[in-house]
Amino acid sequence: MKSRKKWVFLISMFAFLLATGLVGGAARPAAALASCNTGQRYAHDMTVTANGSARTDKPVEVRLNLTPLLAGQGGSGGINLNSLCVDEIDGGSVVANNVVFQFDPASDYNATSKARGILTFLMEGSTAANATRKYRLHFDTDSGFSAPSFADRVQLTDGVAHKGYASLRIVTDAAEYFYHKPGGGFATLIDKNNNDWISWNTASGGAGDFRGIPNMVHPNDGGFFHPGRNNVTTTVLSDGPLKATFKSVSKVNTAWEVVWDVFPNYARMTVVRQGTANFWWLYEGTPGGLLEPAVDRLTRSDGSSIKASGTWTTDIPGDEWIFVTDPNVGANGRSLYLAHHLNDNKVDGYTADGSKSMTIFGFGRSGNQRLLNTLPQQFTFGFVDQTTVGAVGPVVEGAYKPLSITGENDAIDDPGSGPTCSPLPYSVYASPKKNLSINGVAVADEDVAKYEGATCEWSVAFDGTAAGLPGTANVDALAIAGNEIYLSFVAPVKNVPGISGIVDDSDVVRYSGGTFSLFFDGSAYGLTTDAEDIDAIAFDTGGKLLVSTLGAYIVPGLHKGLDDDLIRFDAGNWQVYFDGSHYAGLGAEDIVGADVAANGNIYLSVLDAFSVPGAKGNATDIFQCVPSNLGYQSTQCAYGLMWRSSAFGLAGFNAFDIE
């Protein structure tokens, strides 16, 4: 009997200890913690599921618009971002009240009408592959709240000089990164033992200058996103305790754009805009600080592995990730993993360079062929102190595999929140093909809109209706010189203020000081047929009028010409300025827009598509000719894509001018 009582007592005591959390490794505190709420009146719950991949200290990104959340709870006014705080909850109880987070406002954030952005918070500790955790965001509109302070786990310093280039320096517990701002690529990646796994330097070829991450665009296509170059503009978008975000945009034509997010344990790149060329994503570097072909290894997600002296010439089967290992770094070896988020059937090739001094691994690389040609594309890389596929795999998948999140209520198009203006050294004037709205600015086809390169904003530079043009006027040729605007129209126009009779589609009018005048009478100088409608105008560096016609032209003193030419009018005489058909490579195109820079470079747009050495595009694009020769049957150019209107909210245009 005594024995039975003894066991009853012990079982009761053990149950008590379990209930109080004093034994048994309880998953959460025995008593609920106090909330981080210090008077915030509004809250929003979010649920995060690991979605089949175990996670450790995982940053979670949730796209939110707080404005409708506020309205749905009966509130109004402007969100006070200092009021934000995050609890982790379980069954209604707070189990963590100091959740590390940051909120990065979107580019169009407005505290009162559009309080949208990305909330990034830390799902701390280990989360099993199919576990679910719940978080509560508190917020308010009142003042008087103090923003919480967290240790900075991603320390970004802008403008650091690194190997001769202005750079971003990012320091985390896992790595130290140096990113060349004018090149748009990582030049240095230092691990915890001070080993540089990239080692870019000015030595030629594989010994230095070819190294980098991501080295994405081949030199023949512009060479963008490579350290040691000067062809992109890099802008920091946001910087917080869990994530630093920056973007790089190609300088010449802004056709290429990538956004980087650096987290405490890895970095992620998103390709936002792609030019006309194919690309690859490369790791060209030095595992553990020095490539040792007989010692270092590369391993793919299916477990297949080669020494760094070997080669791969096939697609990675299944999930597209690999890791590069130096077994002699750290206590047990270290690996750099590289993940391509999109599974495809493109070759992911590897070889050491000819001097055996750096790796050449590429997602979408087969020899010198660039195979990636679609968007979206994302890539992630980071370190792990493991060397086997069984140990590395969970870390890689935890870094790049998507979570399952409920509670998101917004879709932010650009992955990089915050200011998104990448200033251009020029502005663009354009007249649209039809009445439309450009980023909220209403523009008619008789108007001229301006994209301000310094501020990335659209405005109406010339309001045709306000100036007196009838609604039937449709601008199809444009030039701006100082404060004067020169226009030609798609079809003849009656009732242009200050001009008697009809303005023909082969004429050019000038608008100066609020008054129109006839600047050029096309019919008086040989432009008399329907095909000789002027559809592009410009001025050369000497101030002489240049025109292009809708079709073939015959004017006094010249051979018959075509719609891909620019002809110059000088005191009653015609000359061929730009001969598109002979040697210039535009025999199949119709020039419909033109401008000439002060240095003599020529900007062009065409009716449909174009394909010339160095540039491909369509009617929404402006491309540049750097002439080595001009004139009849002798025009020669080096071409490059300059400006893609669709990337700036303009669907298409009839005429343009560059300022």
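Scroll up a little and you will see the structure.
The sections below set out a description of the structure shown in this document. The structure presented is a predicted model; accordingly, all values stated were derived computationally and were not measured. (Residues numbered from 1 in each chain as written. Predicted model: local features only at pLDDT ≥ 70, side-chain atom pairs only at ≥ 80, totals over all residues. Heavy atoms only, no water.)

Right, let's get into the overall build of the chain. Along the chain, the regular secondary structure elements total three helices and 48 strands. Seen through its principal axes, the chain has C-alpha atoms that stretch 125 × 65 × 40 Å. For the chain, with 659 residues in total, the buried portion stands at 54%. Summed over all atoms, the accessible surface of the chain reaches about 26600 Å², with 51% contributed by carbon and sulfur. Computed over 45 positive and 68 negative side-chain charges, the separation of the two mean positions in the chain equals 14 Å. (Helix = DSSP H or I, 4+ residues; strand = E, 2+ residues; numbered from the N terminus. Buried < 20%, exposed > 50% of the residue type's maximum accessible area, 1.4 Å probe, protein only. Areas by Shrake-Rupley, 256 points an atom, 1.4 Å probe, with all protein chains shown as cover. Lys, Arg positive; Asp, Glu negative; His and termini not counted. Charge placed at Lys NZ, Arg CZ, Asp CG, Glu CD.)

What follows concerns the pairing of strand β47 (residues 636-644). Most of β47 sits out of view: seven of its nine residues are buried. Pairing of strand β46 (residues 621-629) with β47, which is carried by eight bridges, proceeds in the antiparallel orientation. Counted as the bridge partner of Asp621 is Arg644 from β47. Hairpin connection, β46 to β47: the antiparallel pair is bridged by six residues, and Gly631 has positive phi, about 120°. (Pairing = 2+ DSSP bridges.)

Glancing now at empty space enclosed by the protein. With a probe scaled to a water molecule rolled over the atoms, the places where space remains empty come into view. By the definition in use, this model includes one cavity of 30 Å³ or more. One number sums up the size of the largest cavity: a volume of about 30 Å³. What lines the largest cavity is simply Lys433, Val592, Ser605, Val606, Leu607, Ala619 and Phe653. Along the lines of polarity and charge, the residues of the lining of the largest cavity split into five nonpolar, one polar and one charged. (1 Å grid on protein atoms, 1.4 Å probe; cavity = no way out; pocket = protein on both sides within 12 Å on 5 of 7 lines; lining within 4 Å. Points joined across faces, edges and corners; volume = space filled by probe spheres on them. Nonpolar A, V, L, I, M, F, W, Y, C, P; charged D, E, K, R; others polar.)

In this structure the tally under the stated criterion is two disulfides. In this model Cys36 forms its disulfide with Cys85; the gap between the sulfur atoms is 2.1 Å. Here the S-S torsion is close to 80°, and the disulfide linking Cys36 with Cys85 is therefore right-handed. One end of the pair, Cys36, is in the loop between α1 (2-20) and β1 (42-49); the other, Cys85, is in strand β3 (residues 85-90), and 49 residues separate them in sequence. (Disulfide = S-S within 2.5 Å.)

Glancing now at the pairing of strand β48 (residues 655-658). The alternating pattern of β48 places Ala655 and Asp657 and Phe656 and Ile658 on opposite faces, both of which are buried. Bridge analysis of strand β27 (residues 428-431) against β48 gives four bridges, and the strand direction is antiparallel. By the bridge assignment for β48, Val428 is matched with Ile658.

Here the focus is the sheet that holds strand β10 (residues 176-180). Each strand in a sheet pairs with its neighbour through backbone hydrogen bonds, running either in the same direction (parallel) or in the opposite one (antiparallel). Taken together, four strands build an open sheet; the order of strands is β8-β9-β10-β11 and the sheet is antiparallel. One side of each edge strand has no neighbouring strand; the edge strands of this open sheet are β8 (155-162) and β11 (185-190). Here the strands of the sheet are splayed against their neighbours by 25° on average, with no regard to which way each runs. As defined by bridge partners, β10 adjoins β11 across five bridges and the pair is classed as antiparallel. Looking across to β11, one finds that Tyr179 is bridged to Phe186. (Axes fitted to C-alpha atoms, helices over the stretch in contact; angles between N-to-C directions.)

Pairing within the open sheet is antiparallel, and its four strands lie in the order β32-β33-β36-β37. Each end of this open sheet is capped by a strand with a single partner; those strands are β32 (475-481) and β37 (515-520). The mean angle between the axes of side-by-side strands here comes to 30°, regardless of whether they run parallel or antiparallel. Summarising the sheet, β32 and strand β33 (residues 484-489) pair through six bridges and their orientation is antiparallel. Bridging from a neighbouring strand, Ile480 pairs with Ile485 of β33.

This next bit is on the packing of aromatic side chains. As enumerated under the stated definition, the model contains 41 aromatic pairs in all. Both rings, one in Tyr165 and one in Trp200, keep their centres 5.8 Å apart while their planes meet at 80°; by these two values the pair is edge-to-face. Note that Tyr165 is positioned in strand β9 (residues 165-171) and Trp200 in the loop between β11 and β12 (232-239), a separation of 35 residues in sequence. Between Trp281 and Phe381, the aromatic rings sit 6.4 Å apart at their centres with planes inclined by 45°, giving tilted as the arrangement. With Trp281 in strand β16 (residues 281-283) and Phe381 in strand β25 (residues 377-384), this residue pair connects regions lying 100 residues apart in the sequence. On the basis of relative accessibility, which here comes to 0%, the residue Trp281 falls in the buried class. By way of ring pairs, the aromatic residues Tyr177, Tyr179, Phe186, Phe246, Trp260, Trp281, Phe361, Phe363, Phe379 and Phe381 are connected into one cluster. The cationic tip of Arg300 hangs over the ring face of Trp312; the distance from NZ or CZ to the ring centre is 4.8 Å. Lying across the ring of Trp280, Arg370 places its NZ or CZ 5.6 Å from the centre. (Phe/Tyr/Trp six-rings, centres within 6.5 Å; stacked < 30°, edge-to-face > 60°. Lys NZ or Arg CZ within 6 Å of the ring centre and 35° of its normal.)

Most of the time, phi is negative for any residue but glycine, and the peptide bond is trans. Look at the link from Ile213 to Pro214: it is a cis peptide, with omega at 5°. Its location among the elements puts Pro214 in the loop between β11 and β12. Here the bond from Leu375 into Pro376 is cis, since omega is 5°, no more than 30 degrees from zero. If you check the backbone angles, Asn215 has positive phi at about 45° while not being a glycine. Mapped onto the elements, Asn215 comes out in the loop between β11 and β12. Assessed through its relative accessible area of 3%, Asn215 is described here as buried.

Within the fold, His180 resides in strand β10. Taking relative accessible area as the criterion, His180 reaches 0% and is therefore assigned buried. In this structure the side chain of His180 is engaged in a polar contact, spanning 3.3 Å, whose partner is the backbone oxygen of His162. Those residues in contact with His180 that lie beyond four places of it in its chain are His162, Lys163, Tyr165, Ala166, Ser167, Gly185, Ala187, Trp200, Pro227 and Gly228. (Polar contact = N/O pair within 3.5 Å; in protein donor to acceptor, adjacent residues only side chain to side chain. Contact = heavy atoms within 4.5 Å.)

On to the pattern of salt bridges, then. Per the counting criterion, the structure on display carries 27 salt bridges. Residue Glu257 pairs with Lys247 through a salt bridge whose shortest N-O separation is 3.8 Å. One end of the pair, Glu257, is in strand β14 (residues 257-262); the other, Lys247, is in strand β13 (residues 244-250), with ten residues separating them in the sequence. Its relative accessible area of 7% is what places Glu257 among the buried residues. In this structure, the salt-bridge partner of Lys401 is Asp319, at a minimum N-O distance of 3.0 Å. Of this pair, Lys401 sits in the loop between α3 (389-400) and β26 (404-406) while Asp319 sits in the loop between β18 (305-307) and β19 (320-326); the two residues are 82 residues apart in sequence, bridging distant segments of the chain. The class for Lys401 is partly exposed, based on a relative accessible area of 23%. Owing to a relative accessible area of 22%, Asp319 belongs among the partly exposed residues under this scheme. Sharing partners across several salt bridges, the network here consists of Glu61, Lys243, Asp261 and Arg268. (Salt bridge = Lys/Arg side-chain N within 4 Å of Asp/Glu carboxyl O.)

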